[in-house]
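# Residue-level structural notes
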Amino acid sequence: MTREGAHPSPPSGALAAPEDFPLLAHEAAGDGGLVYLDSAATTQKPSCVLETLDAFYRTVNANPHRGAHRLGTAATEALEAARRDVARLVGADADEIAFTSGTTCALNQLAYGLAGLLHPGDEVAVSLLEHHSNLVPWLTVARIAGAKVRHIVPDRQGRIPDDEIDRVIGPRTRIVAVSHVSNVLGCIQPVERIVRAARGADALVVLDCAQSVAHLPVDLHVLGADFAAFSGHKMYGPMGVGALYARRGAAVALQPLLRGGGMVEAVFEQGFTFKGFPAGLEAGTPNAAGAIGMAAAARFLEGLGMEAVHAHGETLARRMAAGLAAIPSARLYGPGPGGAEERCGIVAFNVRGVGADLAAHALDRRNVAVRSGAHCAQPLVRHLGAEAVCRASAGVYTSERDVDRFLEAVEAARQDAASLMAAAML
Ligand code: PMP
């Protein structure tokens, strides 16, 4: 059904061959073509994922868990096999994974689903590094409950000091919601330490793993979180699908956010009972093709080996950070070149005297794609003393040669930006 296992060999310095990613092949990446350094926004998709999506609609398409006919059974089996594959990638059991439309959906489900535990005077602890998707839902439910959101403040390198964890997590904390890896700085957060503090305070822990799952070996049982969220599209899978992990035993605390078909046990004129986790959280027709595509991506990552994926990101982060630190017109944020082991292949920077958006345009002129802005993390970007930053984020298809082309483009960015401005004024 797919070409899994039949990958061309990668060029030197990449972990997976760009030719195995049709969009990168189309853009002639790696050969003077596109240098795609926006993988933290979304990763490119390998052929095995695209072929899996296509094959689902061509050969299986039926509504899972709803029909006794042959195709309905095949769709149900494919969806449940996908749940097992996605669970295995993050060290979870299949019955601890509910499919959602992505991380944002899963975090909203968690915030609204746990809101009943919050009472006036209670606290939700988050970090100042959070993506808006792991902040706005908590601000919303805390306000409704009369509870308060408190922030664990990282240092200027993006590291969370132990004493900050102990300052914020205490007897009033009911929920701790933190990202595993910052989407702006790429730094890996001390999750085990945070989980220990939360356990001491009898608080539940929600982990935003949107960035970590594609970059690190993640074992949710070992990390000890109660809940976690991640997206298919950031781990080489399709958009519009993601997962919500609930530790066995923790799921009972969750109220379903979406209600309707598929999640109910029995419905009466004036009431209903709903199924347990995960079915109770999967109201409506699921994105079955997406979930199956996400599972193909999980197997693709397993095939590369998550230790190798992590080492690859670390090597590229070290090269990017060292290169940026050596460019006088560039300003690097987060851990310095020596701190590469604390970050994944994500680096934030600015070009001095050039706005982040203009710098990103200048890089784009040289066919280098980076993202600029506040990256849905305005409190963090403000904490860094910036209005906006550029972010270069690598993937398994990124080579050292790509990083070198990126650094050359950053070095030329001031000059290129001036030319762009001059052209705009003509
Ligand atoms: N959390 C983090 C850390 C992220 O990087 C992102 C995506 N940028 C999200 C949450 C939201 O993910 P999605 O847009 O896939 O829902």
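Residues numbered from 1 in each chain as written. Predicted model: local features only at pLDDT ≥ 70, side-chain atom pairs only at ≥ 80, totals over all residues. Heavy atoms only, no water.

## What to know about the packing of aromatic side chains
Defined as follows: Aromatic rings from Phe, Tyr and Trp, with only the six-membered ring used for Trp, were paired whenever their centres fell within 6.5 Å, and each pair was classed as stacked if the ring planes differed by under 30 degrees, edge-to-face if by over 60, and tilted otherwise. Comment: elements are numbered from the N terminus, with helices defined as DSSP H or I runs of at least four residues and strands as E runs of at least two.
Under the defined criterion, the tally for this structure stands at nine aromatic pairs. Aromatic pair F21 and F300: ring centres 5.8 Å apart, planes at 80 degrees, arrangement edge-to-face. You can see F21 sitting in the segment before α1 (22-26) and its partner F300 sitting in helix α9 (residues 288-304), a full 279 residues away along the chain. The interplanar angle of 80 degrees and the centroid separation of 4.8 Å between the aromatic rings of F21 and Y397 together place this pair among those described as edge-to-face.

## Observations concerning the domain arrangement of the protein
Cut-off, in case you're wondering: As annotated, the domain borders come from an automatic or database domain assignment. By definition, residues are in contact when any of their heavy atoms lie within 4.5 Å. Once two parts are brought into contact, the accessible area they lose, counted with a 1.4 Å probe and summed over both, makes up the buried area. Basic side-chain nitrogens of Lys or Arg form a salt bridge, by our definition, when they fall within 4 Å of a carboxyl oxygen of Asp or Glu. Here a polar contact is recorded for every N or O atom pair within 3.5 Å, except that within protein the pair must consist of a potential hydrogen donor and a potential acceptor, and residues adjacent in sequence are included only if both atoms are side-chain atoms. Charged residues are taken to be Asp, Glu, Lys and Arg, nonpolar residues to be Ala, Val, Leu, Ile, Met, Phe, Trp, Tyr, Cys and Pro, and polar residues to be all remaining types, Gly included.
Domain parsing of the protein yields domain 1 (51-302) and domain 2 (305-425). For domain 1 versus domain 2, the distance between C-alpha centres works out to 29 Å. Domain 1 puts 31 residues into the contact, and the matching count from domain 2 is 32 residues. Buried surface at the junction of domain 1 and domain 2, both sides included, amounts to about 2700 Å², of which 63% is carbon and sulfur. Looking at the side of domain 1 facing domain 2, the largest losses of area belong to V184, L185 and H215, adding up to 24% of the total buried there. Taking the shortest distance from any N to any O, the salt bridge between R159 and E342 comes out at 2.4 Å. Our count for the contact surface shared by domain 1 and domain 2 stands at 14 residue pairs in polar contact (both at pLDDT 80 or more). A total of three residues in the side of domain 1 that touches domain 2 trace back to one element, the largest contributor, which is α9. Residues of the side of domain 1 that touches domain 2, tallied by class, amount to 18 nonpolar, eight polar and five charged.

## Some remarks on the pattern of salt bridges
For the record, the criterion: Think of it in three bands: residues with accessible area under 20% of the maximum for their type are buried, residues over 50% are exposed, and the middle band is partly exposed, with areas taken using a 1.4 Å probe on protein chains only.
Scanning the entire structure with this criterion turns up 22 salt bridges. Between D54 and R58 there is a salt bridge, with its nearest N and O atoms 2.7 Å apart. Taken together, the positions of D54 and R58, both in helix α2 (residues 47-60) and four residues apart, correspond to about one turn of that helix. Residue classification places D54 among the partly exposed positions, given a relative accessible area of 37%. When its relative accessible area of 66% is taken as the criterion, R58 is described as exposed.

## Overview of the site of the ligand
Definition in use: We define proximity as follows: a residue is near a molecule or strand when any one of its heavy atoms falls within 4 Å of that partner. Where accessible areas are quoted, they stem from the Shrake-Rupley method and a 1.4 Å probe; at the residue level, only the protein chains shown are allowed to cover.
Around the ligand, the neighbouring residues are T103, T104, H131, S133, N183, D208, A210, Q211, S231, H233 and K234. Contact with the protein chains removes 86% of the 400 Å² of surface that the ligand exposes when unbound. Its residues placed into classes, the shell around the ligand shows one nonpolar, eight polar and two charged.

## Focus: empty space enclosed by the protein
The probe, sized like a water molecule, is rolled over the atoms to show the empty space still left. Selection criterion: Using a 1 Å grid laid over the protein atoms alone, points where a 1.4 Å probe fits but cannot get out form a cavity; open sets with protein on both sides within 12 Å along at least 5 of 7 lines form a pocket; any residue with an atom within 4 Å of a point counts as lining. Grid points are joined across faces, edges and corners, and a volume is the space filled by probe spheres set on the points.
Under the defined criterion, the tally for this structure stands at three cavities of 30 Å³ or more. In this structure, the second largest cavity encloses a volume near 50 Å³. Considering the residues around the second largest cavity, the lining is formed by A214, H215, Y236, V309, H312, G313, A394, G395 and V396. The residue inventory of the lining of the second largest cavity, partitioned by class, reads five nonpolar, four polar and no charged. Domain assignment of the residues forming the lining of the second largest cavity places at least three in each of domain 1 (51-302) and domain 2 (305-425).

## Quick notes on the sheet that holds strand β15 (residues 389-393)
Either a parallel or an antiparallel arrangement is found when strands of a sheet pair, and the pairing is made through backbone hydrogen bonds. Rules: At least two bridges found by DSSP between two strands are what make those strands a pair. Lines fitted to the C-alpha atoms define the axes, with helices restricted to the stretch that makes contact. Angles between their N-to-C directions range from 0 to 180 degrees.
The antiparallel open sheet is built from four strands, whose spatial order is β11-β12-β15-β14. Looking at strand neighbours, the two that pair on one side only are β11 (330-333) and β14 (371-373), the edges of this open sheet. The average undirected angle you get between the axes of adjacent strands in this sheet is 30 degrees. In the sheet, strand β12 (residues 346-351) pairs with β15 via four bridges, with the strands oriented antiparallel.

## Overview of the side chain of R83
Here R83 shows up in helix α3 (residues 70-89). Exposure remark for R83: the relative accessible area of 3% places this residue in the buried category. In this view, R83 contacts A94, I97, A98, F99, P278 and E282; residues no more than four positions away in its chain are not counted.

## Focus on the nonpolar core
A general trend in soluble globular proteins is that nonpolar side chains are found buried together. To keep things clear, this is the line we draw: In plain words, nonpolar cores are sets of buried Ala, Val, Leu, Ile, Met, Phe, Trp, Tyr and Cys residues tied together by side-chain atoms within 4.5 Å.
Counting residues in hydrophobic clusters, the biggest one holds 83 residues, and the most contacted among them are F230 and M235. The dominant element in this core, judged by the number of residues it contributes, is α9, at eleven residues. Here this core spans two domains, since at least three of its residues come from each of domain 1 (51-302) and domain 2 (305-425). Counting residues in hydrophobic clusters, the runner-up holds 31 residues, among them V35, L316, L332 and A417.

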